[in-house]
Amino acid sequence: MSCWSFLLNAALFALAIPLGCSDVQSGTAKDAIMEQIRTASGDSRDEELLRMQNSDLEGDGTFDESADVASDFYGFATPRLYFEHMLTFHCEGGNFKQYEAHINAGIGIDAQNKDDGETCLIKAARTGQLEIVKDALKSHNASLNAASFDNTTALLAACEGRQLEVVKLLLKASGKKVKIPRKKGSKRNLKLEKRRLRRPKIQFKATDVDRVTPVMAALRSHDPDDFEVTVALVDALRTAGSPNLSVKDADGLAPAHVAVLNDVVDVVPVLASGGSHLNVRVGRPESAADSAATVDSKPGKLSKFELRRQKDLKRMVKRGMTPLLLALEKRRTAIVDYLLFHANEDSAVAATKLSEQVQSSSDAAAVSQAQCLVHDVQDDEHGADFSPVDVSLADSAGVTPLMIAAVNGNATVVRQLLRMGANPNARGLNSGDTALLRAAFFGELSHLFCCAPVPMVVTHPPSLCTHVGHVDTVRELLEAGALVNQADAQETSPLMKASWYNRLEVVKLLLENGAVSSIHRRSVHGDTALSKAKEWGHNEVVQLLQAAKDEFDATDPLAHRRQRQANVAQPSGSPVQESSAPQHNEL
């Protein structure tokens, strides 16, 4: 036989294994690989055949009809594809003996699972198989950035599974030098054996559909009973230089929003130190709008929890909530305290450290990246933002953090917001509410009807409410220059709201600060502060207002006539509501 004939036969024999040219050849190939695996692992043939059958079972427990158990491949095109699938199966379950046997039999370490495209490293990272992860990286140079069909990497899978040690190991292996693996029986020059390869740097990319980054995956998988792991995961990613601490997912939520919603207090300082945008608004990015719409339109019955979550999410997207607005509305007091009293200082310190690294670094690439992070970069995918928390940012309805704080009645928060530049006379776009109007309306209330965290439409007298209002909050606003007689869109003044809802101490404070000049003022429904207080039976408030009215009329007898003329001159196009009570439709 000639040399060319020999080479041709050898090539055809080599192609018979992966391509399955005939039943005899393919069956022989499978038996050869299985025998090698059986010898290396020590498991019997029956055990491996049972694994074959179990791997063909679908998620619902039914048998996959497309897989022929009696065939040589059990539903796979070639024996090698089957054993590649089984390698990922063993990596997920942590069977190191079978994992090692498959690798020694010639199955590639980066082989993909046929169902989801995940490699052995991704499967092991998700379930926390630390021994397999170490061996795959150290002994076989598994690809750090190999991705599944939905773009999931080993780092992303480890964050989803809350596997802190695996995440640390993956981050440590990024960009490190590794030895060239030496095959048995190979002859190499000693100089080549000493040569080292540098592993590519790990990528912090997100999944295709949900746009979930490793940081977001760690926050989404947060366990309230084990919050330390969440904090450690985010901190490890930040320390490793994760550039996407502000990237939004397909729902329009950034890591700072998720940290507030899950009330993970200790994560917020980590995000601030890493340059996370603390003023980012909830809102779907343009690149994810189409995919999000497709996901939302999928049929299927949702649970009550999921329906409530989607409704709340749509409301946050519509309003364009910032982390501070969310924290105030959700009553996350610890997060509010950090954002107002410590976040700006931490961001400034982090920016200074990064600037020092730029000056001392000799690596041009590192300098370029650091300069991009120091400056106010608006690119969510790569930039960081160390700008201070903006307390003047309102939502789409014009509701400011100061207005929500006034509803909550936290005088300390109100005082700090005013110190940071909040406008005490800012008005809502629709209702015309101000922080003072809200503080006068709400109070330290004892009945459930009066204790709602957001303003509501009141349709009956609040007779079950106590007499205590947000006195300290009102005082802080007045001292900061809030207009005591500024009315809303219904021409309702702070004095009217405090009087109608029986806030006796607030009424006293308003009268002391000049509200007596609006005592004859009428709302669009024709009510004064005194008339509605009489109608609803607030006797102490009525006595206080009557005395103030008599004193005011005695000093200025024409005040009543002038006020009347002013009401008559009111534009005829003013809106009129059916309810006689003030409307609160913001928030």
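Note that the coordinates shown come from a computational prediction; the quantities given were computed from them, not determined experimentally.

### Section: the overall build of the chain
Link 1 in the chain: A tally of regular secondary structure across the chain gives 29 helices and two strands.
Link 2 in the chain: Among the 587 residues that make up the chain, the fraction classed as buried is 47%.
Link 3 in the chain: The contacts in the chain between residues at least 6 apart in sequence include a share of 72% that link residues at least 24 apart.

### Side note on helix H24 (residues 471-479)
Link 1 in the chain: Within the sequence span of H24, burial applies to Val471, Thr473, Val474, Glu476, Leu477 and Leu478.
Link 2 in the chain: Tucked into the core, H24 has its buried residues touching helix H21 (401-408), helix H22 (411-419), helix H23 (435-441) and helix H26 (504-512).

### Some thoughts on the pattern of salt bridges
Link 1 in the chain: By the definition in use, this model includes 25 salt bridges.
Link 2 in the chain: In this structure, the salt-bridge partner of glutamate 118 is lysine 123, at a minimum N-O distance of 3.5 Å.
Link 3 in the chain: Of the charged contacts, one joins arginine 315 and aspartate 312 as a salt bridge, the two residues approaching to 2.8 Å between their closest N and O atoms. Here arginine 315 and its partner aspartate 312 are both found in helix H16 (residues 304-319), three residues apart, which amounts to about one turn of the helix.
Link 4 in the chain: Taking relative accessible area as the criterion, arginine 315 reaches 26% and is therefore assigned partly exposed.

### Notes on the side chain of serine 499
Link 1 in the chain: Relative to the assigned elements, serine 499 resides in helix H25 (residues 494-500).
Link 2 in the chain: Since its relative accessible area comes to 0%, serine 499 is described here as buried.
Link 3 in the chain: Excluding anything up to four places from it in sequence, serine 499 contacts Val507, Ala529, Ala533, His538, Val541 and Leu545.

### A short note on the packing of H22 against H24
Link 1 in the chain: Packing of H22 against H24 leaves a shortest axis separation of 9 Å and a crossing angle of 15 degrees. The angle between H22 and H24 falls in the class roughly parallel. In the crossing of H22 with H24, the sense of the turn from one axis to the other is right-handed. Between H22 and H24, the residues in contact are Ala411, Val414, Arg415 and Leu418 and Asp472, Thr473, Glu476 and Leu477, respectively.
Link 2 in the chain: A per-class count over the contact of H22 with H24 returns four nonpolar, one polar and three charged.

### Things to note about a positive patch on the surface
Link 1 in the chain: There is a patch of like positive charges on the surface, built from Lys134, Lys172, Lys176, Lys177, Arg198 and Lys201.
Link 2 in the chain: With respect to the element layout, arginine 198 can be found in strand E2 (residues 196-198).

### With respect to the packing of aromatic side chains
Link 1 in the chain: This model, assessed by the stated rule, comprises four aromatic pairs.
Link 2 in the chain: Ring plane angle 80 degrees and centroid distance 4.7 Å describe the contact between phenylalanine 441 and tyrosine 501, whose orientation is recorded as edge-to-face. Of this pair, phenylalanine 441 sits in helix H23 while tyrosine 501 sits in the loop between H25 and H26, and the two are 60 residues apart along the sequence. An identical accessibility class is assigned to phenylalanine 441 and tyrosine 501; each is buried.
Link 3 in the chain: Linked through ring pairs, Phe441, Phe442, Tyr501 and Trp536 together constitute an aromatic cluster.

### A few points about the nonpolar core
Link 1 in the chain: If you look at the biggest cluster of nonpolar residues, it comprises 126 residues, and the most contacted ones within it are Tyr99, Leu170, Leu510 and Leu545.
Link 2 in the chain: Ignoring sequence-local partners within four residues, the contact set of leucine 510 consists of Leu436, Val474, Leu478, Val484, Pro494, Leu495, Ala498 and Ala515.
Link 3 in the chain: If you look at the next biggest cluster of nonpolar residues, it comprises five residues, including Ala350, Ala351, Leu354 and Phe386.

Basis of the calculations
- Each residue is numbered by its place in its chain's sequence as written, counting from 1.
- Given that this is a predicted model, residues contribute local features only at a pLDDT of at least 70 and side-chain atom pairs are listed and counted only at 80 or more, while totals for whole chains, interfaces and linings are drawn from all residues.
- Values reported for side chains reflect all heavy atoms of the structure, with hydrogen atoms and water molecules removed beforehand.
- Runs of H or I in DSSP of at least four residues are treated as helices and runs of E of at least two as strands, each being numbered from the N terminus.
- Burial status follows relative accessibility: with a 1.4 Å probe on protein chains alone, a residue under 20% of its type maximum counts as buried, one over 50% as exposed, and anything between as partly exposed.
- Any pair of residues with heavy atoms lying within 4.5 Å of one another is described as a contacting pair.
- Here, a salt bridge means any Lys or Arg side-chain nitrogen found within 4 Å of an Asp or Glu carboxyl oxygen.
- Lines fitted to C-alpha atoms define the axes, with helix axes restricted to the stretch in contact, and inter-axis angles between N-to-C directions lie between 0 and 180 degrees.
- Note that the term roughly parallel is reserved for angles under 35 degrees, roughly antiparallel for angles over 145, roughly perpendicular for angles of 65 to 115, and oblique for everything else.
- For a crossing to be left-handed, the near helix must be turned anticlockwise from the far one by less than a right angle; the clockwise case is right-handed.
- When residue character is reported, Ala, Val, Leu, Ile, Met, Phe, Trp, Tyr, Cys and Pro are called nonpolar, Asp, Glu, Lys and Arg charged, and the others, Gly included, polar.
- Patch rule: a residue counts if its relative accessible area is over 30% and it has no salt bridge; like charges are joined within 9 Å, and nonpolar side chains (Val, Leu, Ile, Met, Phe, Trp, Tyr) within 5 Å.
- Computed by Shrake-Rupley with a 1.4 Å probe, the accessible areas treat only the displayed protein chains as cover when residues are assessed.
- Only four residue types enter the charge count, namely Lys and Arg as positive and Asp and Glu as negative; His and the chain termini do not.
- Charge placement uses NZ in Lys and CZ in Arg. For Asp and Glu, CG and CD serve respectively.
- Think of it this way: a Phe, Tyr or Trp ring, Trp meaning its six-membered ring, pairs with another when their centres are within 6.5 Å, and the plane angle makes it stacked under 30 degrees, edge-to-face over 60, tilted otherwise.
- By nonpolar core we mean a set of buried residues, namely Ala, Val, Leu, Ile, Met, Phe, Trp, Tyr and Cys, connected to one another through side-chain atoms within 4.5 Å.

The values are spatial; any link to function lies outside them.
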